[in-house]
Amino acid sequence: MFMGKMNARTLLASAALAMIAYAGSPALAATPADTLVQAWAIDDTITLDPAESFELSPAEFLGNAYDMLVRLDIDDTTKVKGGVAESWTVSDDGLTYTFKLKPGLKFASGNPITAEDVAWSFERAVKLDKSPAFILTQFGLTKDNVTEKAKAADADTFVFTVDKSYAPSFVLNCLTATVGAVVDKKLVLEHVAPVTPSDDYKYDNDFGNGWMKTGYAGSGPFKIRDWRANEVLVMERNDNYYGEKPALARVIYRHVKESATQRLMLEAGDIDVARNLEPGDLEAVSKNADLTTTSAPKGTVYYISLNQKNPNLAKPEVREAFKYMVDYDAIGSTLIKGIGEIRQTYQAKGVLGALEASPYKFDIAKAKELLEKAGLKDGFSVTFDVRNSQPVSGIAEAFQQTAGQAGVKIEIIPGDGKQVLTKYRARNHDMYIGQWGMDYWDPNSNAETFTSNPNNADDGTTKTLAWRNAWDIPGLTEQTKAALLERDNAKRAEMYQKLQQEALDSSPFVMLFQQTEVAGVRGNVKNYKLGPNFDSNFLAPVTKE
Amino acid sequence: MSHTETQQSAGRAKGRAYAIAASIASFLVIVVTTYLGLLAVTFFIGRVVPIDPVLAIVGDRAPAHVMDRVREEMGLNLPYYQQFFLYVKGVLSGDFGTSVLTTNPVMTDIRRVFPATMELATVGTLIGVAFGIPLGVLAAVKRGSWADQIVRVIGLFGYSIPIFWLGLLALLVFYARLGWTAGPGRIDVVFEYTFTPITGFYLLDAVLNRDWAAFRDIFAHIILPATLLGYFSLAYISRMTRSFMLNELHQEYIVAARAKGLSERRIIWGHALRNAGVPLITVIALSYAGLLEGSVLTESVFAWPGLGLYITNSLQNADMNAVLGGTIVIGSVFIAINLLSDVLYRMLDPRTRAR
């Protein structure tokens, strides 16, 4: 009889099978109704201290968990609106900015927000002098004068003194950056660690930098509860927030790197939002009736650059010819479909003074004609350093093919991201393809890096992208500087447009596209909107049905 | 007992003590040189990699003076031999340095990621053993039959299919389509607030917490990646079992056992496998140690926060403290597992035990 033959091993095997079935039985995947779960590659987060953080994913965490004096106005991104500041005035000489704080504000800890907290936030950012500190120090703040230049006049008046009469839009735009986040002085002071002063660092404590790596001392709509590197970040509603309180009780970010994995989790309902979908997965998500997609252009532009140390690439005709060798339409409709939009000017759409122009078309005949004019009728060979990740490697291969038609033989040197970047920063490349994200939401950020190069020597101190490609442009450098001091906004915008036009005509930058951030979202999630930069991906309005 | 005899035995005891001391000393010398070699090679490979580690810390957009300061803080402006000396000095005093990526002490990071990998590897190996050995035995006993061929094909598949592809396919079928298992990650977000890890081995922690709902969820998460890893070790284990078994089945004692009239089942499971089991231990130990290195691709597909991903990520960012720390841990685990299998070998093999 069959049952009689059933021995111990068969029993074990069926027990194992039963266990597998049991484990998987219901698993009706759905995230809790008051929790938004997002899958996102968050491995670029190395610290949560606003004075130090300068990467993309933490910008979103800090943008939601902290408040600044002023915030970017999402409805018109050429303007700012009040954050903790209710109003502000600029003195006639353009040097003094006086901010009145909103009354009765509290940090998540319950401590009141005072002008003293704002001043101390500036002070610690400048004295710690980490990567984003230059956004404040470019206004003439130094470690020695910061307590004078960024000062609390009384409990709700903060006075900021700059060293030149800059365009007010420039100053205010910079103050929306996460480095300007207002931190809870009283709370952070409880967690400072002693430091032995040295020549580089003259202070006897770390301004709470060690604790703030994972700690939280803000006043935004959400508070950061927990962060485990490369694993998870958890935010909770801040009940002390002065504005409209978020509908969600918490937001959880799970570190998931693979696009395909994110898509499966989204389809199964284990996550509400997938943030790193590649074109193929994005298309599948957009066809699924239970899911929607949302997108927003971001302040990151992609470009191919030509090192002017290479005598062939330094010829103006060659620079121009390369701009005709890109098959913009094909790249736009395939490689970057859904994740970017073709853009030939270096300012991101939506920023003050962004120039809308795309004069270049894919035209091999024209490119050949220009090469002939440059005395390179038979073409030439050149190397191309390319990160082995999409979409840049795909674009590089497409460009290699189209440039070949014009007689330019391109040898692609693939490499790991940081490796290629190290070479680029040392100016040892011929051609490079990469992206540039704005440091802060103001046209000066990109103008300064693409069209200014104060010192083209190998040991130059200001290593802008123009410097990296050895593009020596004293004239444009001056114009970029002048635009900073133009206090008439309309005139200022015009100056930036002129700079972009010059770059379009003669720069060694073949601008390709502006990045679009896309997310796949479950149908029951409402009001999920991406902002123009990562610190304005606001989650407070999000609700779930 | 005569006088001379006592002297002789005392001398013998002394000699044996010397021999033991000498073998321990030579063992220590081997371990120390292995470690030093491991450190030196990893360290210098790390330093010639054309990646600027400062870039990983401060990012592409940092101003030049910040980069210079960080380079100095990390001691990267010193000559290599000084950097190496400083590093070894730190390691000897138990300081493996700080990971530049996570800014945690490397050992804190590894304590966090290693249990995840170890738990996965353990369950995977258990699955590999539970299925690999019976399949190997079956293939050996029915040598040349269709069963043998099928086992061989299963093994060949396990060896040749890219785990990345198989992982995604498994997720697609068992998680997305059938809904039998949970998705990527170690545990569902709903447990993010109720479940507190104690040892870092989540299954064990759930038992310690008596949190059966969490146990169920953790099991549903681990079963798919563990089965996948188990399949790969199964491929190896079944093949080795087959060849060890074939070797044993041709021995004379098998013929003797048959002549005695023992049942075929007892001959195979009680006699042949028992003897084949001794070398198998080394095979299993090595495959286990291999899984402990962390399977980068599996961890990537299943969003498993383990050692493999940690080290790869560190390597790509030239985060050498983390890479070196991880290498030392893996090296130690390899040495420990080899020692353990040696000891087990001695205990199980009567020939080595008696002497």
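Quick caveat: nothing in here was measured; it's all calculated off a predicted structure. (Residues numbered from 1 in each chain as written. Chains lettered and ligands numbered in written order. Predicted model: local features only at pLDDT ≥ 70, side-chain atom pairs only at ≥ 80, totals over all residues.)

Caption draft 1: Representation of the overall build of chain A. Secondary structure assignment for chain A yields 20 helices and 19 strands. In terms of overall dimensions, chain A is globule-like: its C-alpha atoms have a radius of gyration of 26 Å, near the 24 Å expected for 545 residues. Taken along the three principal axes of its C-alpha coordinates, chain A extends 90 × 70 × 45 Å. Per-residue burial for chain A yields a buried fraction of 52% across its 545 residues. Once local pairs closer than 6 in sequence are excluded, the contacts in chain A between residues at least 24 apart make up 70%. (Helix = DSSP H or I, 4+ residues; strand = E, 2+ residues; numbered from the N terminus. Rg over C-alpha atoms; globule rule 2.2 N^0.38 Å. Buried ≥ 20, exposed ≤ 12 C-beta atoms within 10 Å, placed from the backbone. Contact = placed C-beta atoms within 7 Å.)

Caption draft 2: Region of the structure containing the overall build of chain B. The secondary structure content of chain B amounts to 15 helices and zero strands. C-alpha extents for chain B along the principal axes are approximately 85 × 75 × 40 Å. Residue burial in chain B is summarised as follows: out of 355 residues, 37% are buried. Within chain B, contacts between residues separated by at least 24 positions form 71% of all contacts whose residues are at least 6 apart in sequence.

Caption draft 3: Main features of the domain arrangement of chain B. Residues and elements named next belong to chain B. Domain parsing of chain B yields domain 1 (3-92) and domain 2 (106-352). The centre of domain 1, based on its C-alpha atoms, is set 30 Å off from the matching centre of domain 2. Across the contact, 11 residues belong to domain 1 and nine residues belong to domain 2. Sorting the residues of the side of domain 1 that touches domain 2 by element identifies helix H1 (3-48) and helix H2 (53-58) as the ones contributing at least two each. If you tally residues by element for the side of domain 1 that touches domain 2, the top one is H1, at seven residues. (Domains from an automatic or database assignment.)

Caption draft 4: Seen up close, the nonpolar core. Counting residues in hydrophobic clusters, the biggest one holds 242 residues, and the most contacted among them are Leu136, Val171, Ala321, Met325 and Leu512 of chain A. It is helix H9 (residues 212-249) of chain B that contributes the most residues to this core, 19 residues altogether. Domain assignment of the residues forming this core places at least three in each of domain 1 (3-92) and domain 2 (106-352) of chain B. Non-local contacts of Ala321 of chain A, meaning those with residues more than four positions away in its chain, are made with Ala367, Leu370, Leu371 and Ala406 of chain A. (Core = buried A, V, L, I, M, F, W, Y, C linked by C-beta atoms within 7 Å.)

Caption draft 5: Geometry of helix H17 (residues 443-450) of chain A. H17 of chain A sits mainly inside the fold: eight of its eight residues count as buried. Regarding H17 of chain A, the residues found buried are Pro443, Asn444, Ser445, Asn446, Ala447, Glu448, Thr449 and Phe450 of chain A.

Caption draft 6: Representation of the interface of chain B and chain A within the structure. Every contact between the two is made by 44 residues of chain B and, on the other side, 46 residues of chain A. Listed by contribution, the elements that provide at least two residues to the side of chain B that touches chain A are H2, helix H3 (64-73), helix H7 (163-177), H9, helix H12 (296-301) and helix H13 (307-316) of chain B. Looking at the side of chain B that touches chain A residue by residue, the class counts come to 27 nonpolar, 11 polar and six charged. (Nonpolar A, V, L, I, M, F, W, Y, C, P; charged D, E, K, R; others polar.)

Caption draft 7: Looking closely at the pairing of strand S5 (residues 96-101) of chain A. All names here are of chain A. Residue alternation in S5 divides its side chains into a buried set, Tyr97, Phe99 and Leu101, and an unburied set, Thr96, Thr98 and Lys100. In terms of strand pairing, strand S4 (residues 85-90) meets S5 through five bridges, oriented antiparallel. Considered in S5, the bridge of Val90 is made with Tyr97. The turn joining S4 and S5, which pair antiparallel and follow one another in sequence, is formed by five residues; a positive phi near 75° is taken by Gly94. Examined bridge by bridge, S5 and strand S7 (residues 157-161) share five bridges and lie antiparallel to one another. Its bridge partner lying in S7, Phe99 is registered against Phe158. (Pairing = 2+ DSSP bridges.)

Caption draft 8: Highlighting the sheet that holds S5 of chain A. Residues and elements named next belong to chain A. Pairing in this open sheet of four strands is antiparallel, and the strands run S4-S5-S7-S6 from one edge to the other. The outermost strands of the open sheet, each flanked by one partner alone, are S4 and strand S6 (150-154). Geometrically, the sheet is characterised by an average inter-axis angle of 25° between neighbouring strands, direction not taken into account. As paired strands, S6 and S7 are joined by four bridges and run antiparallel to one another. Residue pairing across strands places Lys151 opposite Val159, the latter belonging to S7. Together, S5, S6 and S7 form the strand contacts of helix H4 (residues 115-128), whose direction differs from that of S6 by roughly 170°. (Axes fitted to C-alpha atoms, helices over the stretch in contact; angles between N-to-C directions.)

Caption draft 9: Spotlight on the packing of helix H10 (residues 259-268) of chain A against helix H11 (residues 279-287) of chain A. Residues and elements named next belong to chain A. Running from N to C, H10 and H11 cross one another at 15°; their axes reach a closest spacing of 9 Å. By the criterion of interaxial angle, the relationship of H10 to H11 is roughly parallel. In this structure, H10 crosses over H11, and the sense of that crossing is right-handed. In this structure, H10 contributes Ser259, Ala260, Arg263 and Leu266 to the contact, and H11 contributes Asp281, Ala284 and Val285. Across the contact of H10 with H11, the residue classes break down as four nonpolar, one polar and two charged. (Parallel < 35°, antiparallel > 145°, perpendicular 65-115°, else oblique. Left-handed = near helix turned anticlockwise from the far one by under 90°.)

Caption draft 10: Representation of the pairing of strand S12 (residues 291-306) of chain A in the model. All names here are of chain A. With 12 bridges connecting them, S12 and strand S17 (residues 509-522) associate as antiparallel partners. When the bridges of S17 are listed, Leu291 appears paired with Arg522. Here S12 runs beside strand S16 (residues 431-437); their pairing, made up of seven bridges, is antiparallel. Within S16, the residue paired with Thr300 across the bridge is Gly437.

Caption draft 11: Seen up close, unusual backbone geometry. Positive phi is not limited to glycine here, since Arg427 of chain A has a value of about 60°. The topology assignment puts Arg427 of chain A in the loop between helix H16 (417-425) and S16. The residue Ala303 of chain B is not glycine, and still its phi comes out positive at about 45°. By the secondary structure assignment, Ala303 of chain B is in the loop between H12 and H13.

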